[in-house]
Amino acid sequence: MDKKRVVILGAGFAGLLLAKKLKNSAYDITLIDQYNFHQFQPLFYQVATARLEPSSISFPLRKIFQRRKNVHVRIGKIKSVDTAAQKVITEECTFPYDYLVVATGCTSNFFGNKNIEKYAFPMKSTTEAITLRNRLLLNFEDALDCSESELEGIMNIVVAGGGATGVELAGALAEMKKNVLPRDYPDMDFSKLNVYLLEGGPVTLAPMSKESQQKSQEYLEKLGVKVWTDALIQDYDGKVVSLKDGQTIRTNNLIWAAGIIGNVPDGIPKEVLVRGNRIKVDQYNRVEGTTNIFALGDIAYMETPEFPRGHAQLANVANNQAANLAKNMERMLDNRELKPFVYKSPGTMATVGKRKAVVDLSWIKFQGFFAWLVWMFLHLMLILSAKNKLIIFINWAISYFTNDTTLRLILLPTRKQIELAREHHRLDSGDAQTA
């Protein structure tokens, strides 16, 4: 009871790293997340396209903090935060805190369109990635015995959003069409399968260099992806995508990667929320107007001379903010001066397919095979455990040499699984969509 209590909301990159940095400190840490595992978001698209199993990019939180008596993992959904009473309220319990760290990340932004939210398939969690994998695999099973009038909707796959997630997913789907599906379904004509990538702006990978934007689009088009820029989606009824310019695409499969919005818990003062539903923080990641509440990662919005519109919502930013806050919290124990967060971007990258990637570093830009190797190496190094690194490397090696994987399993929930999820308040949007 003599230890200061730190409650961390969210076990993403920032929340998990902060808890790990403080696990040997004089703080009492409570880490709360709706899942009992950490998710490696950059590889969700490989789960969705059956290249990796979800267990290879997910890490049990209790395993990470075994034998750490000052770190308590709690699973639950946040109902609200009472900043006056310094309490976090979940559906099961209430957790008092001396310091609160909000690292709840972001979710899909449907920009208020209820039809898109209802019918499109997002990919912001492992469960949503599994749902999408099931959907894609069931889609091709349906194509075997559907009528000619239904075939077009089944064989058109539309990816909305030309950022890194959309580009990587579209490239993976195109390679699946070329290398995998004709072997699995030798009696089907996959020349009728179309992968569309719709980007509302003038270019794909807008935050990257002009060279990377042009090369990424060139790679996608060579793979057969139909890239439409300046294509703003107006509506989707589950069967037809309608664009603002009047064009339509018939499809049963709209994958939504077009925007994100902050997961802000109820109770955080509305006056500190800015564009994208992010929480405005000072140079120490402290929420403006508070003394003991911090925000990290995608949810945090910090203006600096180098980043006047806030930092990019990337894993590297989240990790660096968490590392800096961990050091500052150690300083707070001794009443030492805090160090402001300073970020130097190492660069950005995206992969488009086998031997195809684009990399922008601060001092050089390059594309192609070497960029693809760099992308694979850096992502592999970010994976938490040696076991998972090995599993992913083996899967990638098999896929590289055979142009195939063996992970195309349709795993739908049983009635008992759905009932169990409801009983324990664990039914999220991805589970509900699968059900």
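In what follows, the structure referred to is the one given above.
No experiment lies behind these values; they were computed from the predicted model shown.

(A) Focus on the packing of helix H5 (residues 126–143) against helix H6 (residues 148–155). Where H5 contacts H6, the two axes come as close as 10 Å, and the packing angle between them is 160 degrees. The angle between H5 and H6 falls in the class roughly antiparallel. Once H5 is placed against H6, the crossing between them reads as left-handed. For the pair H5 and H6, the contacting residues are Asn139, Asp142 and Ala143 in the first and Leu151, Ile154 and Met155 in the second. The class makeup of the residues in the contact of H5 with H6 is 4 nonpolar, 1 polar and 1 charged.

(B) Representation of the sheet that holds strand S24 (residues 356–361) within the structure. Strand order across the open sheet formed by 3 strands is S23-S24-S25, with antiparallel pairing between neighbours. Here the strands that pair on one side only, and so sit at the sheet edges, are strand S23 (347–353) and strand S25 (365–367). Taking the axes of each pair of neighbouring strands and ignoring which way they run, one obtains an average angle of 5 degrees across the sheet. Looking at chain direction, S24 and S25 are connected through 3 bridges and run antiparallel. Considered in S25, the bridge of Asp360 is made with Lys365. Packed onto the sheet, helix H10 (residues 369–382) meets S23, S24 and S25 and runs at close to 110 degrees relative to S23.

(C) Structural context of the packing of helix H1 (residues 13–21) against helix H9 (residues 315–333). Running from N to C, H1 and H9 point in directions that differ by 30 degrees, and their axes come no closer than 8 Å. By the criterion of interaxial angle, the relationship of H1 to H9 is roughly parallel. Classified by chirality, the crossing of H9 by H1 is right-handed. Residue-level contacts link Phe13, Ala14, Leu17, Leu18 and Lys21 of H1 to Ala315, Ala318, Asn319, Ala322, Ala323, Leu325, Ala326 and Met329 of H9. For the contact of H1 with H9, the residue count by class is 11 nonpolar, 1 polar and 1 charged.

(D) Expanded view of the packing of aromatic side chains. In this structure the tally under the stated criterion is 16 aromatic pairs. Between Phe13 and Phe40, the ring centres sit 5.7 Å apart and the planes meet at 75 degrees, which makes this aromatic pair edge-to-face. Pair noted here: Phe13 is in helix H1 and Phe40 is in the loop between strand S3 (37–39) and helix H2 (44–48), with a separation of 27 residues, a long-range link. Here Phe13 and Phe40 have matching classes, each one buried. Ring geometry for Tyr119 against Tyr236: centres 6.4 Å apart, planes inclined by 90 degrees, an arrangement best described as edge-to-face. Taken together, the residues span a long stretch of sequence, with Tyr119 in helix H4 (residues 114–119) and Tyr236 in strand S14 (residues 233–236) at a distance of 117 residues. Using a relative accessible area of 30% as the deciding quantity, one classes Tyr119 as partly exposed. Each residue in the set Phe369, Trp372, Tyr400 and Phe401 is aromatic and connected to the rest through ring pairs, giving one cluster.

(E) Expanded view of the side chain of Ser58. With respect to the secondary-structure elements, Ser58 resides in strand S4 (residues 58–60). For Ser58, a relative accessible area of 12% gives the class buried. From its side chain, Ser58 meets the backbone oxygen of Pro54 in a polar contact 2.8 Å long. Not counting chain neighbours up to four residues away, the residues in contact with Ser58 comprise Phe37, His38, Thr126 and Asn388.

(F) Spotlight on a positive patch on the surface. Taken together, the side chains of Lys20, Lys21, Lys327 and Lys339 present a region of like positive charge at the surface. In this fold, Lys327 is placed in helix H9. The exposed category is assigned to Lys327, whose relative accessible area is 53%.

(G) Quick look at empty space enclosed by the protein. What the rule picks out here adds up to 1 cavity of 30 Å³ or more. In this structure, the largest cavity encloses a volume near 360 Å³. Taken together, 26 residues form the lining of the largest cavity, with Gln46, Arg51, Glu175, Lys354 and Ser399 sitting closest to its centre. For the lining of the largest cavity, the secondary-structure elements that each account for two or more residues are H2, helix H7 (164–184), S23, H10 and helix H11 (386–402). If you tally residues by element for the lining of the largest cavity, the top one is H7, at 7 residues.

(H) Fine view of the side chain of Lys354. Positionally, Lys354 belongs in the loop between S23 and S24. In this structure, Lys354 is buried with no salt-bridge partner, the nearest side chain bearing the opposite charge being Glu175 at 7.3 Å. One polar contact links Lys354 to Asn403, side chain to side chain, over a distance of 2.9 Å. Ignoring any residue separated from it by four or fewer positions in sequence, one finds Lys354 in contact with Glu175, Trp372, Tyr400 and Asn403.

(I) Focus on a nonpolar patch on the surface. Taken together, the side chains of Leu390, Phe393, Ile394 and Ile398 make up a nonpolar region of the molecular surface, amounting to roughly 380 Å² of accessible area. Mapped onto the elements, Phe393 comes out in helix H11.

Calculation criteria
Residues numbered from 1 in each chain as written. Predicted model: local features only at pLDDT ≥ 70, side-chain atom pairs only at ≥ 80, totals over all residues. Heavy atoms only, no water. Axes fitted to C-alpha atoms, helices over the stretch in contact; angles between N-to-C directions. Helix = DSSP H or I, 4+ residues; strand = E, 2+ residues; numbered from the N terminus. Parallel < 35°, antiparallel > 145°, perpendicular 65-115°, else oblique. Left-handed = near helix turned anticlockwise from the far one by under 90°. Contact = heavy atoms within 4.5 Å. Nonpolar A, V, L, I, M, F, W, Y, C, P; charged D, E, K, R; others polar. Pairing = 2+ DSSP bridges. Phe/Tyr/Trp six-rings, centres within 6.5 Å; stacked < 30°, edge-to-face > 60°. Buried < 20%, exposed > 50% of the residue type's maximum accessible area, 1.4 Å probe, protein only. Polar contact = N/O pair within 3.5 Å; in protein donor to acceptor, adjacent residues only side chain to side chain. Patch = residues over 30% accessible without salt bridge, like charges linked within 9 Å, V, L, I, M, F, W, Y side chains within 5 Å. Areas by Shrake-Rupley, 256 points an atom, 1.4 Å probe, with all protein chains shown as cover. Salt bridge = Lys/Arg side-chain N within 4 Å of Asp/Glu carboxyl O. Lys, Arg positive; Asp, Glu negative; His and termini not counted. Charge placed at Lys NZ, Arg CZ, Asp CG, Glu CD. 1 Å grid on protein atoms, 1.4 Å probe; cavity = no way out; pocket = protein on both sides within 12 Å on 5 of 7 lines; lining within 4 Å. Points joined across faces, edges and corners; volume = space filled by probe spheres on them.

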